Each structure stands twice: as structure tokens, then as C-alpha cells.
Amino acid sequence: MQERKKLGYFDSCNYTPEELIVAANLIPVRLFGSRTETPTLVDTYVQSHFCPFARSCLDLALKGYYANFTGFVISHGCDVTNQFYDIWKKHVNPKFLYYFHIPLITEGETAKRFFVKELAHFKSSLEEFVGNEITQDDLRRGIELCNETREWLRKISELRRKDPPLITGAELHGLVRMSQITVKEEVNKVLRQKYNELSNCTPMGNRNPRILLSGSIIDDSTLIQFFEGLGVSVVADDLCVGTRYFWTSTELTQNPLHDIATRYLTKPILSAKVPRAKRLKYIRTLINRYQIDGVMLHQLKFCDSYHIDNVTIHEVLKEAEIPVLVLETSYTMSGMGQLRTRVEAFIELLQKIEH
Ligand code: SF4
């Protein structure tokens, strides 16, 4: 059997339809940056006051880190991902580069029609690129494999509802990260095994304040590990390397492209999509479902869309008397001392409220 090639996707959330890439017999691999590699080549094309995640991904591409990828997809998301397409086209110049259009407004018939049309266009571009037709059976296989990944992740995430949780936030984050960069068949085996191991455990250890972590991308589990090391349990998240990736599955009918469109338009949104009330509603659902003591709103430096959206979320949660901590990180591990002080003060506050 011919070895499957990797198709990278640069996405500010999870809108690239992995199902279609799997159906084209390619491996969808989400691009993550590096917190340890100092960006250098990217400085020629993008100023330093741009999203550090996007800058890092581009820097790695310019340095040849993705040389073994057969092509890339850049999905419409925030302003940064949208603008980066042209830079990738001109300066990375891969043999396949597709800009995946996603409606800004994620509700209504127009959005649905638009999305289905875009999926059909993406499908034919992939067919032309790989030189094979993507059949209805291929689409069903792609949907089923991606659904299985999401189902296992949902089941594992549910183990965080126990008190204390059966899995740490950092460990769950690591599993989601792996799911976005690894062949689905392999991921599904690992996740099944992990779920079977964990579901037989009993909750152990002290009860820490139960935290919902929401906001800009966190693509490295060490940040969550750092928070948890200070004495909180991240038992729920509204992150793209988190529940937003697996909260919903695709319901298969006779029309797979419609089914995929429905799923992507009803999944939890990133801050740059509208209606914005959808994100708040999702956060409220998580707070109730996971018995949250406090919310940490994370924003990456220069990530305008979360900086703006978090203001409203913060105000609404404060009015509802839900403790909130807004945190900004710089994508590197610098500034951790200040972060530590703020998280520790927040933990103290949560402990006072509890007693
Ligand atoms: S971190 Fe913010 S600015 Fe960067 S890609 Fe994500 S949404 Fe866009």
C-alpha cells in the first residue's frame, strides 16, 4: 500500500475538515509552533507585534521543518490566519496550498449553503491534487474515523467530571494535541486503551479548585502542567486543543458534505466567529457541567480577537459572581514568575470562597 502523505493545516481553531483530508487518503496534521525555537526568518516578512503562534508556524515552515509535507491548507479564522495565506503562498510556496473559506457567521441557511459549496470545491481540489476521485464511501470512512477520535476524547474528558478528576487537564491536552497530528487509526487505538485504563481508576489525591480554561490557543501542555502544579485542576476547557475539537460529531446521513457542514457550523466557536453569544453560552454549559469553581481566560500576546472577546466574557461572568482570572502569555516560557504570583493569588481567593 502506498505510504500516506501529510497535509498540514494552519488553523486558528478547528475548522479545517479533517474528514475530507482523510477521505483523500492523506494525513491531516495541524501545524503547531515551537515555544523553544527562536523565530528568526519570519522577521523578514512579519513584524514582531503579530500573533506569536502564527509567526512561529511560519518561521518553522521557512526553516524547512515541514519539508516532508505534501501541501498545506490555511483556514479562514481570525484576521491573522486570513492574512498569512498570501505570505505562505509567496514565501513558502508549497505545491499545494488551499485557502479554506469558512463563513464568519456560523448560523443560518446562507452559511450552510456557503459551507457545503466550499467543501465541494475543496474536495475537487484535493481530487485533482492526489489524482483520485473521493467517493461517497471514502467520505463516510473519513467521517467515521474522525468521529471515533472525537468520541474517545469526549469519553476521556468526561472523566474530568469526577471529583478529584481521573485525568489531569495537561494529560487530556496532550491527548488532544496528539489527535490533531497523528494518523487517525493509530490515535483511535491509543485513546481506546487510555480510556479503558482510566475508567477503572478511582479518584485519588486532594481536591483542588476546579478550573475552566478558555481562550487563545495553547499548543504546549507544559503551560497547563504549570497551572496544575500550582494547585488547580483544569477540569474543563474552551480551547482549540481541547473540547472545541471534539465536543460534537458528524451525524451521517445520505449527504456527507451536508453532514460535515452541519457539524462545523454547530461546533463551539473561536472568538473571531459570530454570533459571539455562542461562545458565552458554551462557557456557561461547561461551568455547569464540570462544576467549575473559577474561570481562567487565557490570551496570547497580540491575539486581538480573544483580547476583545474576553472583555465581555469577563464582565458577564463577574456579574454572575463567577471568579475569573485573565492571563496573558507570550508564547515563550518567559514571564512565568509573574504568572505564578497571579495564579497563586487566584487559588487563595477560590479557597477563601469555598470555606
Ligand atoms: S492565537 Fe489569536 S491571533 Fe493567533 S491564530 Fe489564534 S485567534 Fe488568531
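Residues numbered from 1 in each chain as written. Predicted model: local features only at pLDDT ≥ 70, side-chain atom pairs only at ≥ 80, totals over all residues.

## Some words on the sheet that holds strand S3 (residues 69-75)
What counts, and what does not: Strand pairing is assigned whenever DSSP identifies at least 2 bridges connecting the two strands. Secondary structure elements are taken from DSSP: a helix is a run of H or I of four residues or more, a strand is a run of E of two residues or more, and numbering for both begins at the N terminus. In this analysis, axes come from line fits to C-alpha atoms, helices being fitted only over the stretch in contact, and the angle between any two N-to-C directions falls in the range 0 to 180 degrees. By the convention adopted here, residues are in contact when the distance between their C-beta atoms, placed from the backbone, does not exceed 7 Å.
Here we have four strands laid out as an open sheet, ordered S2-S1-S3-S4, and parallel in their pairing. Looking at strand neighbours, the two that pair on one side only are strand S2 (27-30) and strand S4 (97-100), the edges of this open sheet. Ignoring strand direction, the axes of neighbouring strands in this sheet form an average angle of 25 degrees. Here four bridges tie S3 to S4, and the two strands are oriented parallel to one another. By the bridge assignment, Phe-72 is partnered in S4 with Leu-97. Of the strands in this sheet, strand S1 (6-10), S3 and S4 are in contact with helix H3 (residues 79-92), which crosses S3 at around 150 degrees.

## Points about the domain arrangement of the chain
To be explicit about the condition: Where each domain begins and ends follows an automated or database-derived domain assignment.
Here the chain is described as being made up of domain 1 (6-134) and domain 2 (138-354). Here domain 1 and domain 2 have C-alpha centroids that lie 22 Å from each other. Taken residue by residue, the interface counts 36 residues in domain 1 and 40 residues in domain 2. At the level of secondary structure, the elements contributing two or more residues to the side of domain 1 that touches domain 2 comprise helix H1 (18-23), S2, helix H2 (52-62) and helix H4 (109-130). Among the elements that make up the side of domain 1 that touches domain 2, the one with the highest residue count is H4 (six residues).

## Some words on the sheet that holds strand S8 (residues 324-329)
Reading across from one edge, S6-S5-S7-S8 is the order of the four strands in this open sheet, with parallel pairing throughout. Two strands close off the open sheet at either side, each with one partner strand: strand S6 (233-238) and S8. Each strand axis lies, on average, 25 degrees off the axis of its neighbour in the sheet, ignoring direction. Bridge analysis of strand S7 (residues 294-300) against S8 gives six bridges, and the strand direction is parallel. Residue pairing across strands places His-298 opposite Leu-327, the latter belonging to S8. Relative to S8, helix H13 (residues 336-354) is tilted by about 170 degrees, and along the sheet it contacts S7 and S8.

## Comments concerning the site of the ligand
So the rule is basically this: The criterion for a residue being near a molecule or strand is simple: its C-beta atom, placed using the backbone, must lie within 6 Å of it. Here the nonpolar group is Ala, Val, Leu, Ile, Met, Phe, Trp, Tyr, Cys and Pro; Asp, Glu, Lys and Arg are the charged ones; every other residue, Gly included, is treated as polar.
Among the 15 residues in the neighbourhood of the ligand, the closest are listed as Ser-12, Cys-51, Cys-78, Ser-216 and Cys-303. When contributions to the shell around the ligand are tallied by element, the ones reaching two or more residues are H2, H3 and helix H12 (304-319). Class assignment for the residues of the shell around the ligand results in 11 nonpolar, four polar and no charged. Here the shell around the ligand spans two domains, and each of domain 1 (6-134) and domain 2 (138-354) adds at least three residues to it.

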